[in-house]
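For reference, the chains in residue letters:
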Amino acid sequence: MAKTQLGARVDDEIAELAKARAKDRGLPLGEYIAALVREDADGLRQRGLDAARRFLDEHQAVFDEAEDADLRVPGAHAA
């Protein structure tokens with residue numbers, strides 16, 4: 001597949017974050033950015049965010065209860 005070079009200006013913080021996330025995923029920066037664009041274009045990212053929102057809407061009380069219980073136990077910390 002032919003490759004096209006793109007250029008974009010971003011804040012230093014964003015550039016470092018992108019490099020770190022690419023490294024975390026074991027991808028070169030260009031492949032990481034391409035994956036983000038593909039995920040956005042095919043709706044995968046939005047579906048994941050929607051699923052996370054539904055999960056939290058359904059189970060937030062469980063997390064709240066666990067956190068409240070940890071606050072009542074000396075030395076306990078929520079993850």
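All values reported here derive from a predicted model rather than from experimental measurement.

1. Regarding the environment of Q5
Argument step 1. Tracing the backbone through its elements, the reader meets Q5 in the segment before α1 (12-24).
Argument step 2. Residue classification places Q5 among the exposed residues on the basis of a relative accessible area of 77%.
Argument step 3. Spatially, the C-alpha atoms of Q5 and G30 are 9.2 Å apart, while their sequence positions differ by 25 residues.

2. Considering the pattern of salt bridges
Argument step 1. Summed over all chains, the structure comprises 4 salt bridges.
Argument step 2. A salt bridge links K19 to E16; the nearest nitrogen and oxygen atoms lie 3.6 Å apart. Here E16 and K19 lie together in helix α1, a separation of 3 residues that amounts to about one turn.
Argument step 3. Overall, E16 belongs to the partly exposed group, its relative accessible area being 49%.
Argument step 4. The partner of D57 in a salt bridge is R53, with the nearest N and O atoms 3.3 Å apart.

3. A few points about a nonpolar patch on the surface
Argument step 1. A contiguous nonpolar surface patch, about 270 Å² in accessible area, is contributed by V10, I14 and L17.
Argument step 2. The residue I14 is located in helix α1 in this model.
Argument step 3. Looking at I14, the relative accessible area reads 44%, which means it is partly exposed.

Calculation rules
Residues numbered from 1 in each chain as written. Predicted model: local features only at pLDDT ≥ 70, side-chain atom pairs only at ≥ 80, totals over all residues. Heavy atoms only, no water. Helix = DSSP H or I, 4+ residues; strand = E, 2+ residues; numbered from the N terminus. Buried < 20%, exposed > 50% of the residue type's maximum accessible area, 1.4 Å probe, protein only. Salt bridge = Lys/Arg side-chain N within 4 Å of Asp/Glu carboxyl O. Patch = residues over 30% accessible without salt bridge, like charges linked within 9 Å, V, L, I, M, F, W, Y side chains within 5 Å. Areas by Shrake-Rupley, 256 points an atom, 1.4 Å probe, with all protein chains shown as cover.

Read these as spatial facts, not as claims about activity.
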